[in-house]
Amino acid sequence: MLPSSKGMGKCSLLILMISAILVCHSVVNIVGAEDPYKYFDWTITYGDIYPMGVKQRGILINGQFPGPDIDCVTNDNLIINVHNHLPEPFLLSWNGLQQRRNSYQDGVYGTTCPIPPGKNFTYKMQAKDQIGSFYYFPSLAFHKAAGGFGGIRILSRPRIPVPFSDPAADFTLLIGDWYKSNHARLRRILDYGRMLPYPDGILINGHGTNGSAASFTVEQGKTYRFRISNVGLRNSLNFRIQGHKMMLVEVEGTHTLQTTYTSLDVHVGQSYSVLVTADQPAQDFYITVSALFVADKDLLTTTGVLHYSNSQKPVFGLPPPGPTNHIRWSLNQARSIRTNLTASGPRPNPQGSYHYGLINISRTVKLVNKPSQVNGKQRYGINGVSFIPSDTPLKLADFFKIDGVFRVGSIPDSANGQEPLHLDTSVMGADFRAFLEIVFENHEKTTQTYHLDGYSFFVVGMDGGSWTPSSRNQYNLVDAVSRSTTQVYPRSWTAIYISLDNVGMWNLRSEYWARQYLGQQFYLRVYSPVESPRDEYSIPKNALLCGRASGRTIPPPV
């Protein structure tokens, strides 16, 4: 209410009234304001690259290999216009960037039609209630073996406290194994039903063993953030910096207990953030990445350089050795990575206040991976089913109610590992708001890594042998780390808890990319019968339509 005008001059009263109107207008603008928009315009081409010292045909984004970083803040709207100048269809997917209520933008073939040659598609997404370190990559036709990947950094809003001081700089490190062979040749090997050869090397930000190492310049006495993502095709990797310790602060969107490590295992598909203080004498130091769980003859190693700005001498001696086949050591390190319950996430309330350990499990799903020959060709599967793509993206078939594209329940909730592998477009149904326990059981000698699009989950337990109900006695039900990609060690199990709060069609896959390509994946259909835009966004007006959805009319948004 305005104060009494008694005793006030007309001029003073007028000024007061105008001020009140301006204040009210400002409040309306604040309440109705949209979150900021970030615009990106990317051109996808082939180009010559030399990561291993030989010329290869790589996938470039705006002429870059790797592609440009996406830098944004919690709740920013991301508008990414992708022009496909390849002579074949193309798709980009977002590893860990959760598409809240919006699986149409997920960028895998089960949800999104490929961008045809010479055409473009504009992804419209939001970094809703997220922070952290992630990456994007091409999801079709084994394109991932040619590049086309880049980092994603989501910063907290300025007023949301972060549990460490601002670093002097923020570096993205994309590490991964690499082949000298063209990706099309690798794809043909898989299509013919054969196994891929062992990779030729390891890259750090596109640099391998060609004499041109990735270099990061630091100033003595300052602290830096390194965001490390394993964008490779198959190998678990160990990361370390000569003479320096690393403080782990974030894993795929979760602030962690600030534990210090001298080396860190990064399994394929995973992302970590560490703080490194330049507290050593002024010289250059090795950044070393090497393969894990391999025989000495198969050990792959590459190096970069941590360069002090006042360096007095170059790197010296041999790169620091790391663990190679120490699975128990790696398992114990994984168990030590836990959530920082006192830290805020993307919102003011502490992210650890979600008491996942007190929620009743509504369903247990046990997933067993299996390799086998089907029709004389190598295939991989989960619970006896090897996934084959349909002629129409599953999400479009679901929306337009097109029969015969997929069948909910075409993959069972559990398997004993003895069923013969068969081909199907496997889709598992799940109810919106259900709380699932998923157990990954690995009977093989190789480490598996699994990713679920659209979600983060709590990694509550992992151990050797087979999982039994009594394995729950060792679960961490208080501060397990929440992430979107988890490893399963050889002849071991990993258990996760997940709240199905994101309606859509979501890809659960092996991050060992040849296995994903040959069927070790399926789709989780999280369904709400209400079909309300409150639970899931309407199909985008610019959605590409293909297969049996071609020629359909996209209805106006609700």
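Everything discussed here concerns the structure shown above.
Our subject in this report is the structure included herewith.

Conventions we followed
Residues numbered from 1 in each chain as written. Predicted model: local features only at pLDDT ≥ 70, side-chain atom pairs only at ≥ 80, totals over all residues. Heavy atoms only, no water. Buried < 20%, exposed > 50% of the residue type's maximum accessible area, 1.4 Å probe, protein only. Helix = DSSP H or I, 4+ residues; strand = E, 2+ residues; numbered from the N terminus. Contact = heavy atoms within 4.5 Å. Polar contact = N/O pair within 3.5 Å; in protein donor to acceptor, adjacent residues only side chain to side chain. Arc of directions from axis to C-beta. Pairing = 2+ DSSP bridges. Axes fitted to C-alpha atoms, helices over the stretch in contact; angles between N-to-C directions. Phe/Tyr/Trp six-rings, centres within 6.5 Å; stacked < 30°, edge-to-face > 60°. Core = buried A, V, L, I, M, F, W, Y, C linked by side-chain atoms within 4.5 Å. Patch = residues over 30% accessible without salt bridge, like charges linked within 9 Å, V, L, I, M, F, W, Y side chains within 5 Å. Areas by Shrake-Rupley, 256 points an atom, 1.4 Å probe, with all protein chains shown as cover. Salt bridge = Lys/Arg side-chain N within 4 Å of Asp/Glu carboxyl O. Disulfide = S-S within 2.5 Å.

**Re helix α2 (residues 183-191)**
His183, Ala184, Leu186, Ile189 and Leu190 are the residues of α2 that are buried. Looking at the buried positions of α2, the neighbouring elements they touch are β1 (37-49), β2 (56-61) and α5 (513-517). Structurally, the start of α2 carries an N-cap: the backbone nitrogen of Ala184 is 2.7 Å from a side-chain oxygen of Asn182. Two residues or fewer after α2 comes Gly193, characterised by a positive phi angle close to 90°.

**Structural notes on helix α3 (residues 327-336)**
Among the residues of α3, Ser330, Leu331, Gln333 and Ala334 are the ones counted as buried. Buried residues of α3, seen end-on, are gathered within an arc of 160° and therefore sit on one face of the element. Looking at the buried positions of α3, the neighbouring elements they touch are β16 (260-261), β17 (264-266), β29 (457-464) and β31 (485-488).

**Topic: the side chain of Ser482**
Note on placement: Ser482 falls in strand β30 (residues 482-483). Residue classification places Ser482 among the buried positions, given a relative accessible area of 13%. Setting aside chain neighbours within four positions, we find Ser482 in contact with Val251, Glu252, Thr254, Thr339, Ser456, Phe457 and Phe458.

**Description of the pairing of strand β22 (residues 377-382)**
By the criterion of burial, β22 is predominantly enclosed, with five of the six residues buried. Two elements, strand β21 (residues 363-374) and β22, share six bridges in a ladder whose sense is antiparallel. Within β22, the residue paired with Val374 across the bridge is Lys377. Counting the residues that bridge the hairpin from β21 to β22 gives two residues, and of these Asn375 lies at a positive phi of roughly 55°.

**Description of the sheet that holds strand β7 (residues 132-138)**
Read from one edge to the other, the open sheet built from four strands follows the order β3-β8-β7-β5, with strand pairing classed as mixed. In this open sheet, the two edge strands, each paired with only one partner strand, are β3 (70-73) and β5 (92-95). Between one strand axis and the next, the sheet turns through 25° on average, direction left out of account. Examined bridge by bridge, β3 and strand β8 (residues 150-155) share four bridges and lie parallel to one another. Across the sheet, Cys72 pairs through a bridge with Ile154, a residue of β8.

**Overview of the packing of aromatic side chains**
One pass over the structure, following the stated rule, counts 27 aromatic pairs. Measuring from ring centre to ring centre gives 5.0 Å for Trp94 and Tyr123, while their planes differ by 85°; the resulting arrangement is edge-to-face. One end of the pair, Trp94, is in strand β5; the other, Tyr123, is in strand β6 (residues 120-126), with 29 residues separating them in the sequence. For Trp94, a relative accessible area of 1% corresponds to the buried category. On the basis of an interplanar angle of 80° and a centroid distance of 6.4 Å, the ring pair of Tyr104 and Phe399 is categorised as edge-to-face. Of this pair, Tyr104 sits in the loop between β5 and β6 while Phe399 sits in helix α4 (residues 394-400), and the two are 295 residues apart along the sequence.

**As for the sheet that holds strand β4 (residues 77-84)**
What the four strands build is an open sheet, ordered β2-β1-β4-β6; its pairing is mixed. Since the sheet does not close on itself, it has two edges, and those belong to β2 and β6, each with one partner. Averaged over all adjacent pairs, the angle separating strand axes in this sheet is 20°, with direction ignored. As judged from the seven bridges shared by β4 and β6, these two strands associate in the antiparallel manner. Pairing of Leu78 across the sheet is with Met125, part of β6.

**Side note on unusual backbone geometry**
Put simply, Phe65 and Pro66 share a cis peptide bond, and its omega is -10°. Within the element layout of this structure, Pro66 appears in the loop between β2 and β3. In this model, Phe293 sits at a positive phi of 60°, which is unusual for a non-glycine residue. Relative to the assigned elements, Phe293 resides in the loop between β19 (284-291) and β20 (301-308).

**Quick look at the nonpolar core**
Counting 67 residues, the largest nonpolar core has Phe226, Leu367 and Leu500 as its most contacted members. When residues in this core are grouped by element, the largest group, four residues, is from β19. If we ignore the near neighbours within four places in the chain, the residues touching Leu367 are Ile382, Asn383, Met428, Ile438, Val439, Phe440, Glu441, Leu508 and Phe522.

**Some words on a nonpolar patch on the surface**
On the surface, Leu341, Leu477 and Val478 cluster together to form a nonpolar patch covering roughly 240 Å² of accessible area. On the secondary structure map, Val478 appears in the loop between β29 and β30.

**Here's the deal with the pattern of salt bridges**
Applying the stated criterion across every chain yields a total of 26 salt bridges. Between Arg483 and Glu252 there is a salt bridge; the shortest N-O distance is 2.9 Å. Here the residue Arg483 occupies a position in strand β30, and Glu252 occupies one in the loop between β14 (246-251) and β15 (254-255), the gap between them amounting to 231 residues. The pair Arg483 / Glu252 is uniform in exposure class, with both members buried. A single salt-bridge network, built from bridges that share partners, covers Asp69, Asp71, Arg153, Asp170 and Arg227.

**Structural notes on the state of the cysteines**
Taken as a whole and assessed by the stated rule, the structure comprises one disulfide. The side chain of Cys113 participates in a disulfide bridge whose partner is Cys546; the two sulfur atoms lie 2.1 Å from each other. The sign of the -90° torsion about the S-S bond sets the Cys113-Cys546 disulfide as left-handed. Placement of Cys113 in the loop between β5 and β6 and of Cys546 in the segment after β34 (521-527) is noted, with a sequence separation of 433 residues between them.

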